[in-house]
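A look at the structure
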Amino acid sequence: MSLDQKKYLHKLHMNKIKVIICQIFLIVSFLFLWEYLVNKGIISSFIYSSPSRVIKTIKELIESHNFFNHIYITLKEVFISFTLGISLGFIIALILYEFKFLAKVIDPFLTMLNSLPKVALGPLIIIACGANIKSIILMALLINLIVSIITIYNGFLGTDEYILKLFKTLGASRFQILTKLVIPSSYQTIIASFKLGIAQTLIGVIMGEFLVSKEGIGYLIVYGKQVFNLNYVMTGIILLGIISYILYKLIIILENKLLKHL
Amino acid sequence: MNNLLEINNISKNYHTKNGEIEAIKNISFKIKKGEIISIVGPSGCGKSTLLSIISELDHDYFGKIIKDNNLKIAYMLQSDALLPWLTIYENAILGLKIKKRLDNETLDYVNYLFDFYNLSEFKESYPKNLSGGMRQRVALIRTLALKPDLLLLDEPFSALDQQSRLLISDDVYKIVKKEKKTVILVTHNIEEAVSFSDRVIVLSKRPSQIKNIININFTNQESIYERRKEKYYHQYFDTIWKDLDINES
C-alpha cells in the first residue's frame, strides 16, 4: 500500500470517528441542557419531566416487572403487523402485476384508501374486533399495507424493458419472468417498502394501543396522560425513539446484505 | 442451398388512440443458410418491428413466414440486458437455464466461448465491474450459448464507443463465419452493414417497404477490417447512401 493510499484510508477513518464524536456530544449536551433547565425551574418538570426522572421511571417499571413486558408487547405487535403487511403487500402487488386489468379497476380505490386517515376507522375496528391485540394489528395493517402494495407494485412495473424483451425472446414462461426477473429486480424497491413499512407499522401500533390496549408503550403513554404522570409519557416517547432507530438500522443491515452487488 | 427463412408479404399496422399507423408494407425476402443480411433504413422505419415478427415476439401482422418449426432463433438487443444481481457466468447461462438446456455439452460450449473471448477470469465478477465492450461480449456469449440457427442482431453495437464497436463487431463476424451461422443484422450504420454482410436490404421510411437489395461481393470472408479495404467498398457505401438519401427528402 502506498503512503498516499494509507493517508486516504486514515482520513476516511478519522472522518467517521469525528461524526460519531459529534453525535455523542449532541446527545449528551441535549440531556444535560434538559436536566439543567428543569432543575433551574426554567421549564416545568411536571410537563417536560427530566432525564433523571425518566431513568427513575424506568427503574420503577423494571422493579414492578412491567418495563420489558411493555416493550415486548409493542415489539410483538410491530413484528406481526409488519410481517403481515409486507407479505400481503407483496402477494397483492404480484397479483396486480399479473392481472393488469384488475390493477386498472382497483386503482382509484387504492388511492382513496391510501389517502384516508385510517385513525377514522378506529371506532369501527374496536367494535368489530374487540378491545384486544387483533384491533391493534388490524389498525397497523390498514396503515402499512396500502403503502407496501403501491411501493412494491411500482417496483415490479419498473422492470427493465430490454431485459423483459430478452426473457420473452428466450421463451420464458410468466412464472420464470416473475421469479427470475421481476422479483429480483425489485429487491431495491422491496427493501425501500420495508423502510416505509416499519415507520408506518409503528404509527399504526401506537395508534392502536392508544385506542384499546392494556399493555405496551402506547398504553404507557396514554396511562401517563390519564394519571397526569408525564414521566411515563416521556419515557414512552424516548423508548419509541430508540426502538424505531434500532428497527430501521436492522433493515439497513439487511439491505446491505441483500443488495451487495447492485 | 435451401432457404432457411422465407418472408412473404409481411405488413403490420399499429393502432393507437390517435389513429392507425402503417409500419411495414409488403416486405418479402429470403435467407439462405449461412448468409448474413443487414437491414438498413431511416430511424423509426420499423426495422426492430420486423425482427420482433421474425422472432415470434409479435404475432399481430399480415403475411406469411415460412421456416422450419425447429428453427432455433436467438435475438441480441442493443442493450446488453445483463442482470446486475447475477455473476457474468450466471448471466451467460441464463438463456440455457430458461430453456432448460443446461447440460455438460452446453456448459462446455459456454466455457469454450469464455476462453475464446478472454473473459474466463471474470466469470465470478458482476456486470457493474465490466466495461461496456466486455458486457456486450457476455451478452453475445449468452446468445451463442443457445447454438441458434438464426441470429437476429438488433443494433447490438450502437451503445458502444467506436473502438469497442469495431472490435466486437469483428469478434461477432469471425465467430459467425466460423460457425456458419445465419444472421440478420439491423443497423443504421452503413459501414457496418457493408463490411458485415452478404446482402444489404434498404428500407424506405414509414410505411416501410424494400427500397433496394444490394449484393455485397467481397473476396475476404475473414475480417471486417480487411473487408473495409476492398475495392468496391466505397461504391457500395455510396449506393446505399443514395438509396437512403432519396427517402429522407
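About the criteria used
- Residues numbered from 1 in each chain as written.
- Chains lettered and ligands numbered in written order.
- Predicted model: local features only at pLDDT ≥ 70, side-chain atom pairs only at ≥ 80, totals over all residues.
- Heavy atoms only, no water.
- Helix = DSSP H or I, 4+ residues; strand = E, 2+ residues; numbered from the N terminus.
- Rg over C-alpha atoms; globule rule 2.2 N^0.38 Å.
- Buried < 20%, exposed > 50% of the residue type's maximum accessible area, 1.4 Å probe, protein only.
- Contact = heavy atoms within 4.5 Å.
- pLDDT = per-residue confidence, 0-100.
- Salt bridge = Lys/Arg side-chain N within 4 Å of Asp/Glu carboxyl O.
- Domains from an automatic or database assignment.
- Buried area = accessible area lost by both parts, 1.4 Å probe.
- Polar contact = N/O pair within 3.5 Å; in protein donor to acceptor, adjacent residues only side chain to side chain.

Section: the overall build of chain A
- Scanning chain A from N- to C-terminus turns up 12 helices and zero strands.
- Listed N to C, the secondary structure of chain A is α-α-α-α-α-α-α-α-α-α-α-α in terms of helices and strands.
- Taking 262 residues into account, the globule formula puts the C-alpha radius of gyration at 18 Å, and chain A, at 24 Å, lies well above it.
- Once the C-alpha set of chain A is aligned to its principal axes, its extents read approximately 75 × 70 × 30 Å.
- A burial count over chain A gives 39% of its 262 residues as buried.
- Long-range pairs, those at least 24 residues apart, make up 71% of the contacts in chain A with a sequence separation of at least 6.

A short note on the confidence of the model for chain B
- On average, chain B scores 85 in pLDDT, and the residues at 70 or more come to 98%.
- The least confident element of chain B, judged by mean pLDDT, is helix α9 (residues 233-248) of chain B at 72; the most confident is helix α2 (residues 88-92) of chain B at 93.

Let's talk about the pattern of salt bridges
All names here are of chain B.
- Tallied over the full model, the rule gives 11 salt bridges over all chains.
- Among the ionic pairs, Glu35 bridges to Arg199, the shortest N-O distance being 3.0 Å. Of this pair, Glu35 sits in the loop between β2 (19-32) and β3 (36-40) while Arg199 is found in strand β8 (residues 199-203), placing the two residues 164 residues apart along the sequence.
- The buried category is assigned to Glu35, whose relative accessible area is 11%.
- Among the residues examined, Arg199 registers a relative accessible area of 13% and is labelled buried.

A look at the domain arrangement of chain A
Residues and elements named next belong to chain A.
- For chain A, the assigned domains read domain 1 (1-43) and domain 2 (51-258).
- Between domain 1 and domain 2, the C-alpha centre-to-centre distance is 32 Å.
- Counting residues at the interface gives four residues for domain 1 and six residues for domain 2.
- Of the roughly 420 Å² buried where domain 1 meets domain 2, counting both sides, 68% is carbon and sulfur surface.
- Among the residues domain 1 hides against domain 2, the three largest losses belong to Trp34, Glu35 and Val38. Together they make up 88% of the total.
- For the pair domain 1 and domain 2, the number of links is zero salt bridges.
- Connecting domain 1 to domain 2 are one residue pair in polar contact (both at pLDDT 80 or more).

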